[in-house]
Amino acid sequence: MKIPNECVNASLVRMKGPPQLDCQIDLSAATHLDGLPAKASVYVDATFRSSFMRLYFGTVDSISPPKNTILDDLDSTTVAKIVVRIVEHGNLIAQSNRFTLTNQNPHSGGSKSIIKVEYRQLNGRPWKLEIYSDDTMPAMVLDEDWASTCLKKSIPIQDDLQIMGVLMPQIFEAILERILLVERRNAYELYDGDETWRKNWIVFASQFSDGKLPQAIDEEDSDIDTSHVLQWVDSVVNKYCESREISTSLIDLLEGLE
Amino acid sequence: MKFSRILNDEGVNKFRAFLDDGAVTGEPVPTELLTKQETSQIFSKPLDLDQNIVFCSKLELGRYLDNAFEKADLRRQNVIRNRNLWASIVLHWFDQFCPIGSDGKRAVSKVSYSPEKYQKYIPQEVTEYGSKNLHYRHLALTPYRIFERNKLSQNEGRCILAGPIHIFGRDIEAVSGRAEVFSNSQLIEAIHILYWDETKGKLRPGYSTETRAGNIHRLLADVRNQRKKTQDWYSMTARQIVESLPEEFDGWKNRSR
């Protein structure tokens, strides 16, 4: 049986040293998995090239991550490929797709994509961010020629740690400012509201602010002080960069370290 | 002798030039590249690598390197991405990795289509998702990695590492080129149970003969690919894997009991 993508949400949460896997598995989203044996084991298998680690996430009726999810036996400190497997007595009962996670691409393997990547002719401009007023997910648009040249060198741009290390903080800041300052949305309402790309970005941002969210700006008042929102966004983006040690990682990459 | 310097990039280029030219005609190995200032650099942790040691198998080589790294307090992750270290190790014992034949010449392995044409001696660098690694097709790196992965098991991967160090045969290729085989110590133990003759201390004849039922290539390719849809070999013991194999493996199973 297939474990749908929606059931798995995973990311790597450390930039320096071995990566740490943050993985949530919620099988309730898939009704066809209702009949799984309650005591079947749930594993997350992490691989990179020929290295392998198996993490035990409990049983179907009680899924919980192990205490230690640091992937210190993998041969990469920046990339991991994961598969969720449900096993009983050596029989494979259900399995997810294989997700490739990198430590600068949040949710890249999980179900909640928060940005899409598109390729277009940008006539000299390397990339741009497109944020739409409706529910269409924001797009990181990459110049087609640049992207295809990178691909020829076997690195898709969106997986290039150097490039993404530079772009992601800017994208993060621009999207939060758009939601909170331009659209003047209420962060608390979004957080508790229905599943939308705006909610997913606010939930993602809240990880870097100890769950605190900024007070909404009055939609009618054009003279209102917005500095508390700007400070919150700035602090969130700083924490994001700090937690992923982006500057250090860029320096290490330039110096040929990993 | 302490192995305290390794080739720098210039040294690797000079080693490649030797492989291009003098190696084939049996010229002396330029081990001085490992000590000259212009062609070498200090290695962070000096290793105890006896130049006069003779390795009878890839198992001995893997075990020796693992021991040397452990003594120098180096973990696998500290060494497996260092191209120049692995090129230096091959150069250090080059006469064993590429022995001179009775005609006074060496059969230097060369892959013309690959970015690193001497990848058996100088590991080929590969980048995946921005992460630099070394290709597995290397005469020193892969025996070390297979040993390191299986050193806690009773067989230490000996069924895969049985042959001489200058030969990188189809078995080692079949194991090291498949992540799901390489990383599964229980499967390596199952291969040992099926094909290793404990009394003679060697692989059973015919184990890799393509026309023979239940040969190792059938096990690692077709049968494994079919079984992995319904079985999880990572959570099974070696004996359970062996017993679950189809009828065509019965001959090997019976011999292993």
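Residues numbered from 1 in each chain as written. Chains lettered and ligands numbered in written order. Predicted model: local features only at pLDDT ≥ 70, side-chain atom pairs only at ≥ 80, totals over all residues. Heavy atoms only, no water.

Student: Which parts of the structure should I look at to understand the overall build of chain A?
Tutor: Helix and strand counts for chain A stand at 6 helices and 12 strands. The buried share among the 258 residues of chain A stands at 49%. Taking contacts inside chain A between residues at least 6 apart in sequence as the whole, the part at least 24 apart equals 56%. Surface exposure of chain A reaches about 12200 Å², of which carbon and sulfur atoms provide 47%. (Helix = DSSP H or I, 4+ residues; strand = E, 2+ residues; numbered from the N terminus. Buried < 20%, exposed > 50% of the residue type's maximum accessible area, 1.4 Å probe, protein only. Contact = heavy atoms within 4.5 Å. Areas by Shrake-Rupley, 256 points an atom, 1.4 Å probe, with all protein chains shown as cover.)

Student: Looking at this structure, how should I read the nonpolar core?
Tutor: Considering soluble globular proteins, one finds that nonpolar side chains tend to be buried as a cluster. Of all hydrophobic cores here, the largest spans 79 residues; its most connected members are F15(B) and W86(B). Top contributing element to this core by residue count: helix α9 (residues 185-195) of chain B, with 7 residues. In this structure, F15(B) is in contact with L7(B), L33(B), A87(B), V90(B), L91(B), F94(B), Y121(B) and I122(B), ignoring residues within four places of it in sequence. Grouped together as the second largest cluster of nonpolar side chains are 37 residues, A147(A), M164(A), L180(A) and L181(A) included. (Core = buried A, V, L, I, M, F, W, Y, C linked by side-chain atoms within 4.5 Å.)

Student: I'm lost on the pattern of salt bridges in this one. Help?
Tutor: Between side chains of opposite charge, pairing is possible as soon as their charged atoms come close. As enumerated under the stated definition, the model contains 34 salt bridges over all chains in all. With a closest N to O distance of 2.9 Å, R120(A) and E130(A) form a salt bridge. Linking R120(A) in strand β10 (residues 116-120) with E130(A) in strand β11 (residues 127-130), this pair joins segments that are 10 residues apart in sequence. Overall, R120(A) belongs to the partly exposed group, its relative accessible area being 30%. Close ionic contact of R76(B) with E148(B) constitutes a salt bridge, the shortest N to O distance being 3.3 Å. Linking R76(B) in helix α3 (residues 76-79) with E148(B) in helix α6 (residues 141-150), this pair joins segments that are 72 residues apart in sequence. On the basis of relative accessible area, R76(B) is assigned to the buried category, the value being 6%. Its relative accessible area of 18% is what places E148(B) among the buried residues. (Salt bridge = Lys/Arg side-chain N within 4 Å of Asp/Glu carboxyl O.)

Student: Can you help me understand the sheet that holds strand β12 (residues 139-143) of chain A in this one?
Tutor: Backbone hydrogen bonds hold the strands of a sheet together, and the pairing may be parallel or antiparallel. Residue and element names in this part refer to chain A. Ordered by their spatial adjacency, 3 strands build an open sheet running β10-β12-β11, and the pairing between neighbours is mixed. Because the sheet does not close on itself, it has two edges, and the strands there are β10 and β11. Within this sheet the neighbouring strands show an average axis-to-axis angle of 25°, counted without direction. Pairing geometry for β11 and β12, over 4 bridges, is antiparallel. Directly across from W127, in β12, lies its bridge partner L142. Strand contacts of helix α2 (residues 161-182): β11 and β12, with the helix running at about 25° to β11, the strand carrying the most contacts. (Pairing = 2+ DSSP bridges. Axes fitted to C-alpha atoms, helices over the stretch in contact; angles between N-to-C directions.)

Student: What is the right way to look at the environment of K2(A) in this model?
Tutor: Residue and element names in this part refer to chain A. The residue K2 is located in strand β1 (residues 2-3) in this model. Overall, the relative accessible area of 44% leaves K2 in the partly exposed class. Taking the C-alpha atoms as reference points, K2 and N97, separated by 95 residues in sequence, lie 7.8 Å from one another. Other than its neighbours up to four places away in sequence, K2 contacts H32, L33, Q95, S96 and N97. Looking at K2, its side chain comes within polar contact range of the side chain of N97, at 3.0 Å. (Polar contact = N/O pair within 3.5 Å; in protein donor to acceptor, adjacent residues only side chain to side chain.)

Student: Teacher, can you tell me more about the side chain of R85(A) here?
Tutor: In this fold, R85(A) is placed in strand β7 (residues 79-88). Within polar-contact distance, the side chain of R85(A) engages the side chain of Q95(A) at 2.9 Å. Apart from residues no more than four positions distant in its own chain, R85(A) is found in contact with S41(A), V42(A), Y43(A), D45(A), R54(A), L92(A), A94(A), Q95(A), R98(A), E180(B), D232(B) and Y234(B).

Student: How should the interface of chain B and chain A be read in this particular structure?
Tutor: Interface size, as often reported, equals the accessible area lost upon joining of the parts. The interface is formed by 29 residues belonging to chain B together with 29 residues belonging to chain A. Here chain B packs against chain A, burying approximately 2300 Å² in sum over the two surfaces, 44% of which is carbon and sulfur. Our enumeration of links across chain B and chain A arrives at 6 salt bridges. For R76(B), the salt bridge is made with D73(A), and the minimal N-O distance between the two is 3.3 Å. At the junction of chain B with chain A, the criterion picks out 9 residue pairs in polar contact (both at pLDDT 80 or more). In terms of residue count, strand β4 (residues 131-134) of chain B provides more of the side of chain B that touches chain A than any other element does, 4 residues in total. Within the side of chain B that touches chain A, the residues separate by chemical class into 8 nonpolar, 10 polar and 11 charged. (Buried area = accessible area lost by both parts, 1.4 Å probe. Nonpolar A, V, L, I, M, F, W, Y, C, P; charged D, E, K, R; others polar.)

Student: What should I look at first to understand the confidence of the model for chain A in this one?
Tutor: Should pLDDT be low for a region, the predicted coordinates there are not to be read in detail. With 87% of its residues at a pLDDT of 70 or more, chain A has an overall mean of 83. Throughout residues 106-111 of chain A the model reports pLDDT below 50, and contacts reaching past four residues in sequence, or to other chains, amount to 25 contacts. (pLDDT = per-residue confidence, 0-100.)

Student: Even after reading the chapter, I still don't get α9(B), so can you show me in this structure?
Tutor: For an α-helix, the turn length of 3.6 residues means that residues three or four places apart are oriented alike. Residues and elements named next belong to chain B. Taking burial as the measure, the 11 residues of α9 include 9 buried ones, the bulk of the element. Taken residue by residue, α9 has L187, I188, E189, A190, I191, H192, I193, L194 and Y195 as its buried positions. Where α9 starts, the residue carrying a side-chain oxygen 3.1 Å from the main-chain nitrogen of Q186 turns out to be N184.

Student: Explain the packing of aromatic side chains here, please?
Tutor: The relation between two aromatic rings is expressed through the spacing of the ring centres and the mutual angle of the planes. Across all of its chains, the model carries 21 aromatic pairs over all chains by this definition. The interplanar angle of 85° and the centroid separation of 6.2 Å between the aromatic rings of W201(A) and F204(A) together place this pair among those described as edge-to-face. Residue W201(A) and its partner F204(A) are both found in helix α4 (residues 197-206); the two are separated by 3 residues, about one turn of the helix. Both residues of the pair, W201(A) and F204(A), count as buried. With 4.9 Å between their ring centres and 85° between their planes, F55(B) and W93(B) make a pair best called edge-to-face. Residue F55(B) is located in the loop between β2 (40-48) and α2 (58-71), and its partner W93(B) is located in the loop between α4 (83-92) and α5 (94-97); the two are separated by 38 residues in the primary sequence. Note on accessibility: F55(B) and W93(B) belong to one class, buried. Taken together, the aromatic side chains of F172(A), W201(A), F204(A), F208(A) and Y240(A) make up a single cluster linked through ring pairs. The cationic tip of R54(A) hangs over the ring face of Y43(A); the distance from NZ or CZ to the ring centre is 4.0 Å. Sitting over the face of the ring of W252(B), R255(B) holds its NZ or CZ atom 4.7 Å from the ring centroid. (Phe/Tyr/Trp six-rings, centres within 6.5 Å; stacked < 30°, edge-to-face > 60°. Lys NZ or Arg CZ within 6 Å of the ring centre and 35° of its normal.)

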